[in-house]
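Chain residues, written in single-letter form:
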Amino acid sequence: MRVRKIPQRTCVGCGQVREKRQLLRIVRTPAGELAVDPTGKRSGRGAYICPVPECLELALKHRRLERALATPLGDAVVNLLRETLSGAAHG
Ligand SMILES: [Zn+2]
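Residues numbered from 1 in each chain as written. Predicted model: local features only at pLDDT ≥ 70, side-chain atom pairs only at ≥ 80, totals over all residues. Heavy atoms only, no water.

Engineer: Any chance you could break down the pairing of strand β4 (residues 34-37) for me, citing the residues and the numbers?
Structural biologist: Of the two faces of β4, the one holding Leu 34 and Val 36 and the one holding Ala 35 and Asp 37 are both buried throughout. Sheet topology note: the strand β3 (residues 24-28)/β4 ladder contains four bridges and is antiparallel. Its bridge partner lying in β4, Ile 26 is registered against Val 36. From the end of β3 to the start of β4, which pair antiparallel, there are five residues, and Gly 32 there has a positive phi angle of about 90 degrees. (Buried < 20%, exposed > 50% of the residue type's maximum accessible area, 1.4 Å probe, protein only. Helix = DSSP H or I, 4+ residues; strand = E, 2+ residues; numbered from the N terminus. Pairing = 2+ DSSP bridges.)

Rendered as structure tokens:
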């Protein structure tokens, strides 16, 4: 039996360690823009979060997302994330 190491990341909301592919990556691109990165392959500084609104709200409340990304979050980005995560929760 082979044991393969599965990449794991910590959710910035609830702090749980999960498989990377179960988390949504948010990336700060080298140009300084924030984007949702469903493929996990964009370059830049990334933060990982469970794809549920609860974890987003937790991360926002404790400012963990902006700390992880080392940049302030604008309203537009927060709205985008809320939309993305509430959509993901239903589908
Ligand atoms: Zn979480």
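What follows picks up the thread again.
Engineer: A description of the pairing of β3 should follow, citing residues and the corresponding values.
Structural biologist: Counting buried positions along β3 yields four of five residues, so the element is predominantly enclosed. The pairing of β3 with strand β5 (residues 45-49) spans five bridges and is antiparallel. The residue bridging Val 27 from the neighbouring strand is Gly 46, located in β5.

Engineer: Now, about the coordination of the zinc ion: what can you tell me, with residues and values included?
Structural biologist: Within the protein, the zinc ion binds to Cys 11 (SG), Cys 14 (SG), Cys 50 (SG) and Cys 55 (SG); these donor distances fall in the range 2.3 Å. Taken together, the four donor atoms coordinating the zinc ion and their angles of 101 to 113 degrees define a geometry best described as tetrahedral. The sequence pattern describing where the donors of the zinc ion fall on their chain is C-x2-C-x35-C-x4-C. Placement of the pair is Cys 11 in the loop between β1 (8-10) and β2 (17-19) and Cys 50 in the loop between β5 and α1 (53-61), with a sequence separation of 39 residues. The residues Cys 11 and Cys 50 share a single accessibility class, namely buried. (Donors = N, O, S within 2.8 Å, 3.2 Å for Na, K, Ca; no water. Tetrahedral: all angles 85-135°; square planar, octahedral: opposite > 155°, others 65-115°.)

Engineer: Before we move on, can you summarise unusual backbone geometry with the specific residues and values?
Structural biologist: Of note, the phi angle at Arg 63 is positive, near 55 degrees, even though the residue is not glycine. Mapped onto the secondary structure, Arg 63 falls in the loop between α1 and α2 (64-69). For Ala 70, which is not glycine, the phi torsion reads 55 degrees and is therefore positive. With respect to the helices, strands and loops of the structure, Ala 70 is situated in the loop between α2 and α3 (75-89).

Engineer: Describe the nonpolar core, with residues and values.
Structural biologist: The biggest cluster of nonpolar side chains holds 22 residues, and the ones touching the most others in it are Ile 49, Leu 56, Leu 65, Leu 69, Leu 73 and Leu 81. For this core, the elements supplying multiple residues, two or more each, are β3, β4, β5, α1, α2 and α3. Residues within four places of Leu 65 in sequence aside, it is in contact with Val 12, Ile 26, Ala 47, Leu 56, Ala 59, Leu 73 and Leu 81. (Core = buried A, V, L, I, M, F, W, Y, C linked by side-chain atoms within 4.5 Å. Contact = heavy atoms within 4.5 Å.)

Engineer: So what about the environment of Val 36? Which residues, and what values?
Structural biologist: Relative to the helices and strands, Val 36 resides in strand β4. Residues Val 36 and Leu 24 lie 12 residues apart in sequence; the distance between their C-alpha atoms is 7.6 Å. When sequence neighbours within four positions are dropped, the list of residues in contact with Val 36 reads Leu 24, Arg 25, Arg 42, Leu 80, Leu 81 and Thr 84.

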